[in-house]
2 protein chains.
Amino acid sequence: MSSYPSSIEQVIQWFSRLPGIGYKSAERMVMKVLDMTPSDVDSFASALVEMKRAVRHCSLCNGIADKNICSVCSDSSRDDAQLCVVEASRDMIALERAGGYRGKYCVLGGKLSPLNGIGPEELGFDRMQDLVRARRVSEVIIATGSDVEGEATAVYASRLLKPLGIKVTRIAYGVPVGSSLDFADEATLMRALEGRREY
Amino acid sequence: MSSYPSSIEQVIQWFSRLPGIGYKSAERMVMKVLDMTPSDVDSFASALVEMKRAVRHCSLCNGIADKNICSVCSDSSRDDAQLCVVEASRDMIALERAGGYRGKYCVLGGKLSPLNGIGPEELGFDRMQDLVRARRVSEVIIATGSDVEGEATAVYASRLLKPLGIKVTRIAYGVPVGSSLDFADEATLMRALEGRREY
């Protein structure tokens, strides 16, 4: 079977390792890269290497940063009294995009998932407790996902925080804004009812 | 709005330029790249640059190659008397994967599409005629797509070839193998009926 020259086959293999990309998509991506100018391909390649070189984890919140301390942690105008606990840097960025939250973050680096060998030691619970103790945090907002592992992680975190005598809250799960009730699944509607608030 | 460090944002922009990749997918791809080892990222980046450097168009068929003449054109065991005309290198690779065809190819480099400014001059019709004349081709198989532009390209090519007095054929369009009739759309069924063959 004749197929692509090996240099192309290799890039297809690299693209195929990315999430959601199968062989066919990788093929189309390679064709697009071949259509770029050589200097664009050079810039693309150096951007990859430069990103990997520059990006590290913030030594305070464990979020993604290109300095030792990320822009949120180093922002003195933000409120040290609120700490939002998320699974991953992506969640932190999503909350930052939404705007409105002026506290700080702690990135756990995943969620409890015993079947995948991820126990409490693999996640940043120690970091979370250290931050709470060091900063006189008055409220910890737990913003892990609503799947089983995310819920388990939230419960575990709340139990660790209870002895510290601070307010622990969980973000609301319910019907998304802009969506109609009949599109929401049953679990979401149950959560929306449970989480109802008085006018 | 706080967001990713600029080195990450840049790679997200590069990935977003690839076909089928939006911002969210690019974000997930970047996270995957950040999880790779630095040496893997280096290899990924050099594979891109190396591919762009190595890949050229075959000087005979215009297909993708890493040498001046591609592996199909330089294969002396293949039949010079058959020439298969396709739109793009991808189509040539797909036919090669299917196996069975032992002739050679001519890659047009696109399809007629006046609305996008692609006329006959932009495509490899001269190359096609040159190959036919130089090689004593006895049959040209036109394997452009079945969409309107692909059909127009096929008709145009067949009119150019008719004066040369050779057999010109079009690949069959019909019900895909393994699929049932009731899943096929009406246009496909019409083509399957039109293209019926006697036992």
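Residues numbered from 1 in each chain as written. Chains lettered and ligands numbered in written order. Predicted model: local features only at pLDDT ≥ 70, side-chain atom pairs only at ≥ 80, totals over all residues. Heavy atoms only, no water.

1. Some details on the UniProt feature "zinc finger region: C4-type" (unreviewed entry) in chain A
Rules: UniProt positions are given in the numbering used here, feature names are shortened, and annotations may be inferred rather than shown by experiment. Labels follow the DSSP assignment, with helices taken as runs of H or I lasting at least four residues and strands as runs of E lasting at least two, numbered in each case from the N terminus.
Within this numbering scheme, the UniProt entry marks residues 58-73 of chain A as carrying the feature "zinc finger region: C4-type" (unreviewed entry). Between the end C-alpha atoms of residues 58-73 of chain A the distance is 8 Å, and the span holds 0% helix and 12% strand.

2. Section: the sheet that holds strand 4 (residues 104-107) of chain A
Residue and element names in this part refer to chain A. We apply this condition: Two strands make a pair as long as DSSP finds a minimum of two bridges between them. Axis definition: a line fitted to C-alpha atoms, limited for helices to the stretch in contact. Angles are taken between N-to-C directions and run from 0 to 180 degrees.
Overall, parallel pairing links the four strands, which are arranged 4-3-5-6 in an open sheet. The outermost strands of the open sheet, each flanked by one partner alone, are strand 4 and strand 6 (167-170). Neighbour-to-neighbour, the strand axes of the sheet open up by a mean angle of 25°, direction not taken into account. As defined by bridge partners, strand 5 (residues 139-142) adjoins strand 6 across four bridges and the pair is classed as parallel. Bridging across to strand 6, V140 finds its partner in V168.

3. Focus: the environment of G109 of chain A
Selection rule: Should any heavy atoms of two residues lie within 4.5 Å, those residues are counted as being in contact.
Within the secondary structure, G109 of chain A sits in the loop between strand 4 and helix 5 (125-135). Apart from the residues within four sequence positions on either side, G109 of chain A is in contact with N62, E87 and L123 of chain A.

4. Observations regarding the relation of the copies chain B and chain A
Using the following cut-off: The copies are overlaid by a least-squares fit using only the C-alpha atoms of residues whose pLDDT is at least 70 in both copies.
For the pair chain B and chain A, the best superposition has an RMSD of 0.1 Å and corresponds to a rotation of 180° with a translation of 0.1 Å parallel to the axis. Expressed as an axis order, the relation between the two copies is that of a two-fold axis. Taking C-alpha positions as reference, the residue of chain B nearest the rotation axis is A45 of chain B, located at 2.2 Å. With an isologous cut-off of 70% or more, the 100% of interface residues of chain B that recur at the interface of chain A puts this contact in the isologous class.

5. A word on the interface of chain B and chain A
Where we set the bar: Once two parts are joined, some of their accessible surface, as seen by a 1.4 Å probe, is lost; buried area is that loss totalled over both. For this analysis, a salt bridge means a side-chain nitrogen from Lys or Arg found within 4 Å of a carboxyl oxygen belonging to Asp or Glu. Whenever two N or O atoms come within 3.5 Å, that pair is a polar contact, provided that in protein one can donate a hydrogen and the other can accept it, and provided that, for residues adjacent in sequence, both atoms are side-chain atoms. Note on residue categories: nonpolar means Ala, Val, Leu, Ile, Met, Phe, Trp, Tyr, Cys or Pro, charged means Asp, Glu, Lys or Arg, and polar means any other residue, Gly included.
On the side of chain A, 52 residues touch chain B, which itself brings 52 residues to the contact. Carbon and sulfur atoms supply 73% of the area that chain B and chain A bury against each other, a total of about 5,200 Å² over both sides. For the chain B face of the interface with chain A, the top three residues by lost area are W14, K52 and R90 of chain B, together amounting to 14%. Remark: the boundary between chain B and chain A carries two salt bridges. Between R17 of chain B and D40 of chain A there is a salt bridge, and its shortest N-O distance comes to 3.3 Å. Seen at the junction of chain B and chain A, the total is eight residue pairs in polar contact (both at pLDDT 80 or more). Of all elements in the fold, only helix 1 (6-16), helix 2 (23-35), helix 3 (38-54), strand 2 (64-65) and helix 4 (89-98) of chain B reach the threshold of two or more residues within the side of chain B that touches chain A. Per-element tally for the side of chain B that touches chain A: the top contributor is helix 3 of chain B, with 13 residues. Looking at the side of chain B that touches chain A residue by residue, the class counts come to 31 nonpolar, eight polar and 13 charged.

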